[in-house]
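Okay, here's what each chain looks like letter by letter:
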Amino acid sequence: MKPSITSKLAQLSARLEELNALLSSEDVTRNLENYRKLTREHAEITPAVELYHAYVKGESDVAAAQGMANDPEMRDLAEAEVREGRQRLLDLEAELQRNLLPKDPSDERNIFLEIRAGTGGDESALFSGDLFRMYFRYAERQGWKVDLISQSQGEMGGYKEVIAKIIGFGVYSKLKFESGGHRVQRVPTTETQGRIHTSACTVAVMPEADAIEDVVLNPAEMRIDTFRASGAGGQHINKTDSAVRITHLPTGIVVECQDGRSQHKNKAQALSVLAARIKDRQVREQQAKQAATRKSLIGSGDRSERIRTYNFPQGRVTDHRINLTLYKIDQIMDGALDDLIDALMAEHQTELLAAMADETFAAQA
């Protein structure tokens, strides 16, 4: 095993001992937020540390077996144990490397699945319906829940657009590679001369965002000014500083209120408006981010922008990103996506491992 990985694992092992001590202390639950943070970290690093301890024990076992090889009567048995032990070490090392890969913080989230018909008219809408059924059947196999959010049905069936929320543990980790252009080649039911048509749909898979909580206004982040109200209102308005102007320093949002006769009421109203405007800005920023993510995920819906082709006459499905072709289109369209998804996840892990190796090499250079 590379020294850099061994060093990191030793640090994680020491950290786990530290966490065990912290979590066993009597006052650990006094700060519930910190307690949750510690338990989360404990759960995250425990598998890697357990694998590391198994690796260290495996090294010790191999060394002991090598020592036994000096005895002529034990040589054959010892050499067999050495071979088996070294293979276990290789398997553990590979598993450790996968465990140390950076985690996608969205992997455990629910998702929003959006499927839109692209080029191809009615046939594209029909294929959108087929894709939705495919993902629905896959979700059923995984024990996930599917909630239909909205749908726009095609004239001949299927969907011009369909949006659903898929709820379950690890949904995004499995379906995040499905975003992009999906192309279908088949003879449409409306085709009288048996010609194969090519149509396209776009799929967007987005992790469910954190809910925007009610805004908490920090007095230290606000500047509150009072001034005399202007306009009609009689002697009271002209003689007292009842109007209130609040400036939210982090966002630059300014709210004025001078409708009420008391400064207290005007301040309360201004704070309410300020909180609403801040929340509105947060919602719009989140929506803009989702829109940008959606655009980057699905492209334009053109036939040329594709990640996967479903060829019905030949019974094959080809994922162009990893050059994988499977001749089991009926099973795949019925939700048997494991072969595709497992291959995509394995390729992603390979890329991450290669990047980690490059970083290690650069650090050592």
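Bear in mind that the values here come from a model prediction, so they are computed numbers and not experimental data.

1. Brief notes about the sheet that holds strand β1 (residues 111-117)
- Read from one edge of the open sheet, eight strands run β2-β3-β1-β5-β4-β9-β10-β11, paired in mixed fashion. Edge positions in the sheet fall to β2 (145-153) and β11 (324-326), since each of these pairs with one other strand and no more. Each adjacent strand pair in this sheet contributes to an overall mean axis angle of 15°, direction not counted.
- Summarising the sheet, strand β4 (residues 180-186) and strand β5 (residues 197-207) pair through seven bridges and their orientation is antiparallel. If you follow Gly181 over to β5, its bridge partner there is Thr202.

2. Here's the deal with the packing of aromatic side chains
- All told, the structure shown has four aromatic pairs when counted by the stated rule.
- Taken together, the ring pairs in this structure connect Phe132, Phe136 and Tyr159 into an aromatic cluster.
- One cation-aromatic arrangement involves Arg186 over Phe312; the distance from NZ or CZ to the ring centre is 5.0 Å.

3. Digging into the sheet that holds strand β7 (residues 243-248)
- Judged by pairing direction, the sheet is antiparallel, and its three strands sit side by side in the order β6-β7-β8 without closing on themselves. The open sheet has two free edges, formed respectively by β6 (222-227) and β8 (253-257), since each of these has just one partner strand. Ignoring which end each strand starts from, the neighbouring axes of this sheet average 15° apart.
- Note that β6 and β7 share six bridges and pair antiparallel. Bridging across to β7, Met222 finds its partner in His248.

4. Observations regarding the nonpolar core
- The biggest cluster of nonpolar side chains holds 31 residues, and the ones touching the most others in it are Leu131, Tyr135 and Leu175.
- Mapped by element, the contributors of at least two residues to this core are β1, α4 (121-142), β3 (159-167), α5 (171-175), β5, α8 (329-333) and α9 (338-364).
- Among the nonpolar cores identified, the runner-up in size contains 20 residues, and Leu38, Ile45, Val49 and Leu100 belong to it.

5. Quick word on the pattern of salt bridges
- All told, the structure shown has 21 salt bridges when counted by the stated rule.
- Asp319 is the salt-bridge partner of Arg308, the closest N and O atoms lying 3.1 Å from each other. Taken together, the positions of Arg308 in strand β9 (residues 308-311) and Asp319 in strand β10 (residues 316-319) put the pair eleven residues apart, joining distant regions of the chain. Both residues of the pair, Arg308 and Asp319, count as buried.
- For Lys328, the salt bridge is made with Asp339, and the minimal N-O distance between the two is 2.8 Å. Taken together, the residues span a long stretch of sequence, with Lys328 in the loop between β11 and α8 and Asp339 in helix α9 at a distance of eleven residues.
- Its relative accessible area of 24% is what places Lys328 among the partly exposed residues.
- Taking the relative accessible area as the measure of exposure, Asp339 reaches 40% and is therefore partly exposed.

Conventions and cut-offs
Position labels on residues start from 1 in each chain and follow its written sequence. For a predicted model such as this one, the threshold for reporting local features is a pLDDT of at least 70, and the threshold for listing and counting side-chain atom pairs is 80 or more; totals across whole chains, interfaces and linings nevertheless cover every residue. Values shown for side chains rest on all heavy atoms present in the structure; no hydrogens or waters enter the calculation. For two strands to be treated as a pair, DSSP must find no fewer than two bridges joining them. Only DSSP runs of H or I with at least four residues qualify as helices, and only runs of E with at least two residues qualify as strands; both kinds are numbered from the N terminus onward. Lines are fitted to the C-alpha atoms to define the axes, a helix being fitted only along its stretch in contact, and any angle between axes, read from their N-to-C directions, falls within 0 to 180 degrees. For Phe, Tyr and Trp, rings pair up if their centres lie within 6.5 Å, where Trp contributes its six-membered ring, and each pair is then called stacked (planes under 30 degrees apart), edge-to-face (over 60) or tilted (otherwise). Placement of a positive charge over a ring is assigned whenever Lys NZ or Arg CZ falls within 6 Å of the ring centre and within 35 degrees of the normal to the ring plane. In these notes, a set of buried Ala, Val, Leu, Ile, Met, Phe, Trp, Tyr and Cys residues joined through side-chain atoms within 4.5 Å is what counts as a nonpolar core. Accessible area is worked out with a 1.4 Å probe on protein chains only. A residue is then buried under 20% of its type maximum, exposed over 50%, and partly exposed in between. Throughout this description, the term salt bridge denotes a Lys or Arg side-chain nitrogen within 4 Å of a carboxyl oxygen of Asp or Glu.

Shape descriptors only; they carry no functional weight alone.
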